[in-house]
Amino acid sequence: MLTSAGPRVLWYKDTARPSPVMPAVPIRAGLAAQATPIRRKAVAMMSLRPPSGRRRFQIRWLLFILALAFATAAGLVHSDTPGGHPVADGDHALTLADPWLWDHPLTRYWSVRVPERPFDYPRSLRRDRKFGQDYPYQTWGLVWESPQAVKTRRIFVHYQHREDEYLARQATAALARLYWVAREYLGREPVSRGSGDRDPQVHVWMTRDGEAGGEEFQGHLYLYAVQEPRAPAEWLREIAHEYAHAILPRIGPYHEGEPWASGYLGERLLLKWLIDNGETAAWGERFSGPDYMANQIAPLRDRYLNSGPHAASLVQMDAAGMEQLIGFALAIEAAYGPRLLREALARLGAEEHPGAFVRSVGEALTAQQPDTILLDACAFIPARSPGAVQQPDGGWRFERVAYWVYLPPGEWEISVDGTAPALLQLERVALTRDAPAGTFRGRVEVGAWRRLDLAASVRGTMVLRRVRFQRRAPDADS
Ligand SMILES: [Zn+2]
């Protein structure tokens, strides 16, 4: 919800513990904001400063780098001592596996560091941008791509009370994993804001003020009332949500709920990929992946699939529209894999309207090379696929099943990985069947979203893993 608490103060925040559907976002009125709060609309503080201020900033940076070099040389920067906390110490490897993206699992690395003398760093680097409050303590997240690679400090978690160190270390460890997941799945990472921000980092400011929840402000993440306990999945959700605001195209503005879909979309994608990779203990205690999928992913995805890409609700600017759009993105991820989502988001550029995002998915499918579109059998339309049963070896068993597919113009051959269907219909396209080969063929004149219906022979069932669309040269005799 967008709220005005004064003539120059206009902002929103994200509260903890949302309802399973879309939570209302209440007002946060305790602290006074000084800048226009709507994310990214406000120009980064740096570029608003006069040249002298910028020089001052550069000098501070230089001092910071010198102080850091000194601290490192003097052995003051250390990794945490082993034992005690469930947040593991030293270097960590994160292995990501997704058959849509990589032939072999990918391993990335991270560690959490605590600077021994945070007071050695310039005060400007210990003060937050939004409220100008001092945060005397920091933890750092280091990330690196291979065992030989240079460790880069990309994550800063700032906190105000020494007692919050453990929490800060947990937040750093969680964000390090989210950093890699977002980067490897979506190609998204913190971006440079303002001329002085040469090394794109993400800063988290943990305060005991306010009410439990988070906010993103100019690429900075705020966590409020951090002394209030949250469930492990709730901490992860809050951090993933605010980080997603910082790195994803925002999509909106919606006039109900919160203005930008990026937070709720991103938290679902990032948490799903953590679950896919067995990282449900990213906040120490493990949370239930199946419960999260059943409560946060499947309902939105299935609701979109049942109403389809032509439903007006997909581009409605209210809370229901945002849910529908998130369901659309989740269905795209399930049907075509994360790569298509990544390309569609990259194509958005400065466009923000949900319609532009829907269109960019079609464009990404059109640009796909080679001309093969693979559709995962799991992304079926529930209302049109009664009695679907997941198979232990992957794939699904159906009597009949329907999908949404965007096909660019051209001559297409349709086949399946699994049991060839007895019947296959593509909305508004005449198909011919090559029975021995188990394939269907037809000409699509206009690129559009169409419904694809498949059925097994009478009283029979078919097991499908993927549906394959292969573009062919026009056939002279068909
Ligand atoms: Zn949000």
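Residues numbered from 1 in each chain as written. Predicted model: local features only at pLDDT ≥ 70, side-chain atom pairs only at ≥ 80, totals over all residues.

Chemist: Where do I start with the overall build of the chain in this structure?
Modeler: Assigned secondary structure in the chain consists of 9 helices and 21 strands. The buried share of the chain, reckoned over its 478 residues, is 38%. (Helix = DSSP H or I, 4+ residues; strand = E, 2+ residues; numbered from the N terminus. Buried ≥ 20, exposed ≤ 12 C-beta atoms within 10 Å, placed from the backbone.)

Chemist: Looking at this structure, I do not really get the sheet that holds strand β15 (residues 400-407). What am I missing?
Modeler: Strand pairing in a sheet relies on backbone hydrogen bonds, with the paired strands running either antiparallel or parallel. Read from one edge of the open sheet, 3 strands run β15-β20-β17, paired in antiparallel fashion. A strand with exactly one partner marks an edge of an open sheet, and here the two such strands are β15 and β17 (423-426). On average, adjacent strands in this sheet sit at an angle of 20 degrees to one another, irrespective of strand direction. Here β15 runs beside strand β20 (residues 448-455); their pairing, made up of 8 bridges, is antiparallel. (Pairing = 2+ DSSP bridges. Axes fitted to C-alpha atoms, helices over the stretch in contact; angles between N-to-C directions.)

Chemist: For this particular structure, what's the right way to read the packing of helix α8 (residues 338-348) against helix α9 (residues 354-366)?
Modeler: Orientation of α8 relative to α9, taken along the N-to-C sense of each, is 120 degrees, at an axis distance of 8 Å. The angle between the axes of α8 and α9 places the two elements in the oblique class. As α8 packs across α9, the resulting crossing turns out to be right-handed. From α8, Leu340, Glu343, Ala344, Arg347 and Leu348 reach across to α9, where they touch Ala356, Phe357, Ser360, Val361, Glu363, Ala364 and Leu365. Classifying every residue of the contact of α8 with α9 gives 8 nonpolar, 1 polar and 3 charged. (Parallel < 35°, antiparallel > 145°, perpendicular 65-115°, else oblique. Left-handed = near helix turned anticlockwise from the far one by under 90°. Contact = placed C-beta atoms within 7 Å. Nonpolar A, V, L, I, M, F, W, Y, C, P; charged D, E, K, R; others polar.)

Chemist: Whenever I open this one, unusual backbone geometry confuses me. Can you help?
Modeler: Comment: phi is negative for the bulk of residues other than glycine, and the bulk of peptide bonds are trans. Following Gly252, the chain continues into Pro253 via a peptide bond in cis, with omega recorded as -5 degrees. Inspection of the secondary structure puts Pro253 in the loop between α4 (232-247) and α5 (262-276). Even without being a glycine, Arg428 presents a positive backbone phi close to 60 degrees. Among the secondary structure elements, Arg428 is positioned in the loop between β17 and β18 (431-434). The exposed category is assigned to Arg428, around which 11 C-beta atoms lie within 10 Å.

Chemist: I keep staring at helix α6 (residues 289-307) and nothing clicks. Help me out?
Modeler: Side chains that are three or four residues apart share a direction in an α-helix, a result of its 3.6 residues per turn. Here α6 contains 19 residues, and its C-alpha end-to-end distance of 26 Å stays within 8% of the 27 Å for a straight helix at 1.5 Å per residue. Along α6, the helix axis deviates most sharply at Ala298, where the bend reaches about 40 degrees; the proline Pro299 sits within four residues downstream. When we look at burial in α6, the residues that qualify are Tyr292, Gln296, Ile297, Leu300, Arg301, Tyr304 and Leu305. In this structure, the buried side of α6 is in contact with α4, α5, α7 (319-336) and β15. Backbone geometry just downstream of α6 places Gly308 in the positive-phi region, at approximately 85 degrees. (Expected span 1.5 Å × (residues − 1). Bend = angle between axes of the 7 residues up to and from the residue.)

Chemist: How should I be thinking about the pairing of strand β9 (residues 202-206) in this particular structure?
Modeler: For a regular strand, the rule is simple: side chains alternate between the two faces of the sheet. In terms of burial, β9 is a largely internal element, 5 of the 5 residues being buried. On β9, burial covers both faces: Val202, Val204 and Met206 on one face and His203 and Trp205 on the other are all buried. Across 5 bridges, the pairing between strand β8 (residues 152-159) and β9 is parallel. From the neighbouring strand, Phe156 faces β9, where its bridge partner is His203. Two elements, β9 and strand β11 (residues 220-224), share 3 bridges in a ladder whose sense is parallel. Paired with Met206 across the bridge in β11 is Leu223.

Chemist: Would you mind going over the environment of Leu178 with me for this structure?
Modeler: Position of Leu178 relative to the elements: it lies in helix α3 (residues 165-186). Sequence separation between Leu178 and Trp273 is 95 residues; the distance between their C-alpha atoms is 9.2 Å. Beyond its immediate chain neighbours, meaning those up to four positions away, Leu178 contacts Ile239, Ala240, Tyr243 and Leu270.

Chemist: Help me understand the pairing of β18, please; the structure alone is not making it clear to me.
Modeler: Bridging between β18 and strand β19 (residues 439-444) involves 4 bridges; their strand directions are antiparallel. Looking across to β19, one finds that Thr432 is bridged to Arg441. Following β18, the chain reverses through 4 residues before pairing antiparallel with β19; Gly438 in that reversal takes a positive phi of roughly 70 degrees.

Chemist: Even after reading the chapter, I still don't get the environment of Gly252, so can you show me in this structure?
Modeler: Along the chain, Gly252 turns up in the loop between α4 and α5. Accessibility expressed as a C-beta count within 10 Å gives 19 for Gly252, which makes it partly exposed. With near-sequence residues (within four places) excluded, Gly252 lies in contact with Pro259, Trp260, Ala261 and Glu352.

Chemist: I keep staring at α4 and nothing clicks. Help me out?
Modeler: Here α4 is 16 residues long and its end C-alpha atoms lie 23 Å apart, about the 22 Å a rise of 1.5 Å per residue gives. Most of α4 sits inside the fold, with 14 of its 16 residues counted as buried.

Chemist: Would you take a moment to explain the packing of α3 against α5 for this structure?
Modeler: A pair of packed helices is captured by two measures, namely the crossing angle of their axes and the spacing between those axes. Packing of α3 against α5 leaves a shortest axis separation of 10 Å and a crossing angle of 100 degrees. Overall, the two elements α3 and α5 adopt an arrangement that is roughly perpendicular. Contacts between α3 and α5 pair Arg177, Leu178, Val181, Ala182 and Tyr185 from the former with Leu270, Trp273 and Leu274 from the latter. A class-by-class count of the residues in the contact of α3 with α5 yields 7 nonpolar, no polar and 1 charged.

Chemist: Sorry, what's going on with the environment of Tyr254 here?
Modeler: Considering the arrangement of structural elements, one finds Tyr254 in the loop between α4 and α5. If we ignore the near neighbours within four places in the chain, the residues touching Tyr254 are Pro259, Ala261, Met317, Asp318, Gly321 and Met322.

Chemist: Hey, could you run me through the confidence of the model for the chain in this one?
Modeler: Regions with low pLDDT carry predicted coordinates that are not meant to be interpreted in detail. Taken over all residues, the pLDDT of the chain has a mean of 83, while the share at 70 or more is 79%. Confidence drops under a pLDDT of 50 for residues 1-12, and excluding neighbours within four residues, the segment shows 23 contacts in the predicted structure. (pLDDT = per-residue confidence, 0-100.)

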